[in-house]
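Residues per chain, in single letters:
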Amino acid sequence: MNRTVRDRNNNHPKPVKRIELFEKYPKSRLAITILFLLIGIGAFGYALTQYFSVDTGWTTIEAPSSEPSCAEELIFQYYLGAGERSATAEKKAITALYTETTTKAYQLFHTSMSFEEVHNLYYINQHPNQEIVVDPMLYEAFSLINQYKNREIYLAPVYVQYDNLFGCNDDLETIDFDPRQNQEIATYFLEILSFANNSNAIELELLEENKIKLFVSEAYLKYASENGFSDFIDFYWMKNAFIVDTIANIMQTNGFVKGSISSYDGFTRNLDTSRDTEYAFNIFNLDKEDNTVYLAGIMKYDYAIGIVFLRSYPLNVLDWQHYYEFRDRTIRTAYIDTADGYSKSSVNNLISYAKEGSCAEILLQVIPVFIADDFDIDQLALLAQKGIYSVYCKDRTILYNDVDLHLDLSNKDKVQYAAKYVEK
């Protein structure tokens, strides 16, 4: 089988910087055609539709670094001049923090490149069974992974194959990487999962003072050597949840709370606790009747919030990294079930959020609901009791379990969506 690895961390296109909202999208290679919807899923809505002043008011914070940065996958909007500092001084300080953090995050979560004096995922994978001091950003991410007993991070060898699948240019190429077409790949995935799901084969051990050790058994090391891979852990599609949280927490610690940070792949942190600005989050849905993605409604809020948006379909220009759409419109995603290595989505889209919540913590709790064969609303009800509310679509109805949700429905293009509160 072909197990050639392409570098998913480099050579990806820069995102579009402006937001332009469309109401209806043909469902044909959406990742290519929806060029202006980079953060159309995002949390800015009506609050940010007016002209952005460079000196005062809303602006986009950039990361003008000569080094590669994960800022290419993010949008950071901030209202300058509301505090004691001048808008110019505030922007300078925020930009410096943002640039430093996004550059560091890019290096720490990289799985195929080393950086001088940086103990990143690549370094950890190359040094199994050794004690390693890591940056607090990584240590905190590992702590959450362990806290929620999440095993997705151990699917690194499986992600390599999906990464190649998403990079295919034609359906004929996909058979080398897709377990649903290739029994050899399916068997290979099950072999990897026998290790990945076994804490006696691989486990991240958290030690004191930001030290960790990636335990890998001799049997797994031998298997990896025989099959030509050295990637054991990878946050992959989850990484931006942790990165957005880190940026948000650093901004809050330094008193910069008049902003909102979103990633192209559905993770949002709004920092604004003032309740004097209204924000909005677009609710999209893949309509099965005509295989079209519609703007179903808009969720409005005026408080600090963490939002996670998981979807079974591509929606913007960067989604080529985690989706492949076949000619028959079947879609493979990066949401991989740890049970069998298949990509799964129990519902077309799931928005989960919590007031002043952490994207990573929300994500780690909704993964079992979304990456599943069947959609279990009982699990969502349990999460709602903990303050994590959800919105999803069925047919042309928006279903939600937050009685206080402020929701505007869309009725453009003669497609009318309804809304229904689900108490359970």
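For clarity, every value in this text was computed on a predicted model and none was experimentally measured. (Residues numbered from 1 in each chain as written. Predicted model: local features only at pLDDT ≥ 70, side-chain atom pairs only at ≥ 80, totals over all residues. Heavy atoms only, no water.)

Asks: What should I look at first to understand the side chain of Asn316 in this one?
Replies: The residue Asn316 is located in the loop between strand E11 (305-311) and strand E12 (323-325) in this model. Of note is the side chain of Asn316, whose polar atom sits 3.1 Å from the backbone oxygen of Tyr264. (Helix = DSSP H or I, 4+ residues; strand = E, 2+ residues; numbered from the N terminus. Polar contact = N/O pair within 3.5 Å; in protein donor to acceptor, adjacent residues only side chain to side chain.)

Asks: Even after reading the chapter, I still don't get the side chain of Thr246, so can you show me in this structure?
Replies: Inspection of the secondary structure puts Thr246 in helix H8 (residues 239-253). With sequence-adjacent residues up to four places away left out, Thr246 is seen in contact with Thr101 and Met137. (Contact = heavy atoms within 4.5 Å.)

Asks: So what exactly am I meant to see when it comes to unusual backbone geometry here?
Replies: Negative phi is the rule for most residues except glycine; trans is the rule for most peptide bonds. For Glu117, which is not glycine, the phi dihedral falls at a positive 60°. Relative to the helices and strands, Glu117 is located in the loop between helix H2 (87-108) and helix H3 (121-126). Since its relative accessible area comes to 76%, Glu117 is described here as exposed. Even without glycine at this site, Asn129 takes up a positive phi of about 65°. The residue Asn129 is located in the loop between H3 and strand E4 (131-133) in this model. (Buried < 20%, exposed > 50% of the residue type's maximum accessible area, 1.4 Å probe, protein only.)

Asks: Got a minute to help me understand the pattern of salt bridges in this structure?
Replies: Pairing is possible between side chains of opposite charge, provided their charged atoms come close. This structure, assessed with the given rule, holds 19 salt bridges. Linking Arg151 and Glu203 is a salt bridge whose minimum nitrogen-to-oxygen distance equals 2.6 Å. Taken together, the residues span a long stretch of sequence, with Arg151 in the loop between helix H4 (136-147) and helix H5 (156-166) and Glu203 in strand E5 (residues 202-206) at a distance of 52 residues. By relative accessible area, Arg151 is classed as buried at 17%. For Glu203, a relative accessible area of 23% corresponds to the partly exposed category. A salt bridge links Lys344 to Asp340; the nearest nitrogen and oxygen atoms lie 2.8 Å apart. Look at Lys344 and you get buried, because its relative accessible area is 8%. In the salt-bridge network here, residues are joined through shared partners; they are Asp337, Asp340, Lys344 and Asp373. (Salt bridge = Lys/Arg side-chain N within 4 Å of Asp/Glu carboxyl O.)

Asks: Explain the environment of Cys393 here, please?
Replies: Following the sequence through the fold, Cys393 ends up in strand E15 (residues 389-394). Expressed as a C-alpha distance, the spacing of Cys393 and Ala296, which sit 97 residues apart in the sequence, is 8.5 Å. Excluding its chain neighbours within four sequence positions, the residues that come into contact with Cys393 are Ile283, Phe284, Asn285, Ala296, Val347, Asn349 and Ile398.

Asks: What is the right way to look at the packing of H2 against H8 in this model?
Replies: When two helices pack together, you describe them by how their axes are tilted relative to each other and by the distance separating the axes. H8 packs onto H2 with a crossing angle of 150° between their chain directions and a minimal axis gap of 10 Å. It follows from the interaxial angle that H2 and H8 lie roughly antiparallel. Crossing of H2 over H8 shows right-handed handedness. Here Ile94, Leu97, Tyr98, Thr101, Thr102 and Ala105 of H2 lie close against H8, whose contacting residues are Ile243, Thr246, Ile247, Ile250 and Met251. Residue classes in the contact of H2 with H8 are distributed as eight nonpolar, three polar and no charged. (Axes fitted to C-alpha atoms, helices over the stretch in contact; angles between N-to-C directions. Parallel < 35°, antiparallel > 145°, perpendicular 65-115°, else oblique. Left-handed = near helix turned anticlockwise from the far one by under 90°. Nonpolar A, V, L, I, M, F, W, Y, C, P; charged D, E, K, R; others polar.)

Asks: What exactly am I supposed to notice about the packing of aromatic side chains here?
Replies: The geometry of an aromatic ring pair is captured by the separation of the ring centres together with the interplanar angle, meaning the angle of the planes. One pass over the structure, following the stated rule, counts 28 aromatic pairs. Between Phe195 and Tyr223 the ring centres are 5.2 Å apart and the planes differ by 40°, which places this aromatic pair in the tilted class. Note that Phe195 is positioned in helix H6 (residues 183-196) and Tyr223 in helix H7 (residues 218-227), a separation of 28 residues in sequence. Relative to Phe232, the ring of Tyr220 has its centre 5.2 Å away and its plane inclined at 80°; by these criteria the two rings are edge-to-face. Remark: Phe232 occurs in the loop between H7 and H8 and Tyr220 occurs in helix H7; sequence separation between them is twelve residues. Here the aromatic cluster, defined as three or more aromatic residues joined through ring pairs, consists of Trp58, Tyr79, Tyr279, Tyr301 and Tyr303. Taking the ring centre of Phe309 as reference, the NZ or CZ of Arg311 above it sits at 5.8 Å. Directly above the ring of Tyr303 sits Lys355, whose terminal nitrogen or CZ lies 4.8 Å from the centroid. (Phe/Tyr/Trp six-rings, centres within 6.5 Å; stacked < 30°, edge-to-face > 60°. Lys NZ or Arg CZ within 6 Å of the ring centre and 35° of its normal.)

Asks: Explain H7 here, please?
Replies: Since the α-helix packs 3.6 residues into each turn, any two residues three or four apart lie on the same face. Of all the residues in H7, the buried ones are Tyr220, Tyr223 and Ala224. Seen from one end, H7 has its buried residues packed into an arc of 100°, which puts them on one side. Those residues of H7 that are exposed and aimed more than 90 degrees away from the buried face are Glu218, Lys222, Ser225 and Glu226. At its buried positions, H7 is contacted by H5, H6, E5 and strand E6 (211-216). Backbone geometry just downstream of H7 places Gly228 in the positive-phi region, at approximately 70°. (Arc of directions from axis to C-beta.)

Asks: Looking at this model, I keep getting lost on the sheet that holds E4. Mind explaining?
Replies: Strand pairing in a sheet relies on backbone hydrogen bonds. The paired strands run either parallel or antiparallel. Taken in spatial order, the three strands line up as E4-E6-E5 in an open sheet, and their pairing is antiparallel. Since the sheet does not close on itself, it has two edges, and those belong to E4 and E5, each with one partner. On average, each strand axis in the sheet is tilted by 25° relative to the strand beside it, whichever way the strands run. Direction of pairing for E5 relative to E6: antiparallel, over a ladder of five bridges. Residue pairing across strands places Leu206 opposite Ile212, the latter belonging to E6. (Pairing = 2+ DSSP bridges.)

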